[in-house]
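# Overview (structure and organization)
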Amino acid sequence: MELHPEIKEDLERAHAALRSAQRNFEEGDILTAANRLFVACESAVYAFLKLEYGSVSMSRERILTRLKDLDKQMKEIYDKSYDLRVQADYGRVSKQLPLTTENVQVMLAKVTEIIQKVDHLINNKMSK
């Protein structure tokens, strides 16, 4: 089986955004780190959902609905990373997770796990 180009692009974007988030975090820029963290998470989620459903456009609401059915933990991390991003980008009040250095660090680890999980799922599907 050959990997669909969109899935490959999403996964590459996830890895690049995660590297950027880690670099910004290490430099003490948690606002940019939170933004890049969401991009990494969202891109990995896109790859995951495209792997499951094929290439379709997805609104945030559709993503949440599909994740709720497929992977509740991934949905929770996606939601929390989004919450951090809107706080960082727009100064909004936290709905789930306050924007702190500690929370960004925890979410870096969780988003890394999601990307690794999606990598693993793709590798398994490709080897069949």
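Residues numbered from 1 in each chain as written. Predicted model: local features only at pLDDT ≥ 70, side-chain atom pairs only at ≥ 80, totals over all residues. Heavy atoms only, no water.

## Comments concerning the overall build of the chain
Check the secondary structure of the chain and you find 5 helices and 0 strands. Mapped from its N terminus to its C terminus, the chain presents α and β elements in the order α-α-α-α-α. Against the compact-globule benchmark of 14 Å for 128 residues, the chain has a radius of gyration of 14 Å, which places it among compact chains. Once the C-alpha set of the chain is aligned to its principal axes, its extents read approximately 45 × 30 × 20 Å. (Helix = DSSP H or I, 4+ residues; strand = E, 2+ residues; numbered from the N terminus. Rg over C-alpha atoms; globule rule 2.2 N^0.38 Å.)

## So, helix H2 (residues 30–53)
Taking 1.5 Å of rise per residue, the 24 residues of H2 would be expected to cover 34 Å, and the 34 Å separating its terminal C-alpha atoms lies within 8% of that figure. With respect to burial, H2 is a largely interior element, 18 of its 24 residues being buried. Within two residues after H2, Gly54 carries a phi angle of roughly 90°, on the positive side. (Expected span 1.5 Å × (residues − 1). Buried < 20%, exposed > 50% of the residue type's maximum accessible area, 1.4 Å probe, protein only.)

## Things to note about the nonpolar core
Nonpolar side chains in soluble globular proteins tend to end up buried together. Grouped together as the largest cluster of nonpolar side chains are 40 residues, with contacts concentrated most on Leu37, Val45, Leu67, Tyr78, Val104, Val111 and Val118. At the level of elements, helix H1 (5–26), H2, helix H3 (60–70), helix H4 (72–90) and helix H5 (101–126) are the ones that each hand at least two residues to this core. Ignoring sequence-local partners within four residues, the contact set of Val118 consists of Leu11, Ala44, Ala47, Phe48 and Met74. (Core = buried A, V, L, I, M, F, W, Y, C linked by side-chain atoms within 4.5 Å. Contact = heavy atoms within 4.5 Å.)

## Observations regarding H1
The first and last C-alpha atoms of H1 sit 32 Å apart over 22 residues, in line with the 32 Å expected at 1.5 Å per residue. Along H1, the positions that sit buried rather than exposed are Ile7, Asp10, Leu11, Ala14, Ala17, Leu18, Ser20, Ala21, Asn24 and Phe25. Just past H1, the residue Gly28 takes up positive phi, approximately 85°.

## Brief notes about the packing of aromatic side chains
Within the structure shown, the criterion is met by 2 aromatic pairs. Plain terms: the ring middles of Phe38 and Tyr78 are 5.6 Å apart, the flat faces sit at 45° to each other, and that makes the pair tilted. Here Phe38, found in helix H2, pairs with Tyr78, found in helix H4; they are 40 residues apart in sequence, far enough to count as distant. Residue classification places Phe38 among the buried positions, given a relative accessible area of 4%. Linked through ring pairs, Phe38, Tyr78 and Tyr82 together constitute an aromatic cluster. (Phe/Tyr/Trp six-rings, centres within 6.5 Å; stacked < 30°, edge-to-face > 60°.)

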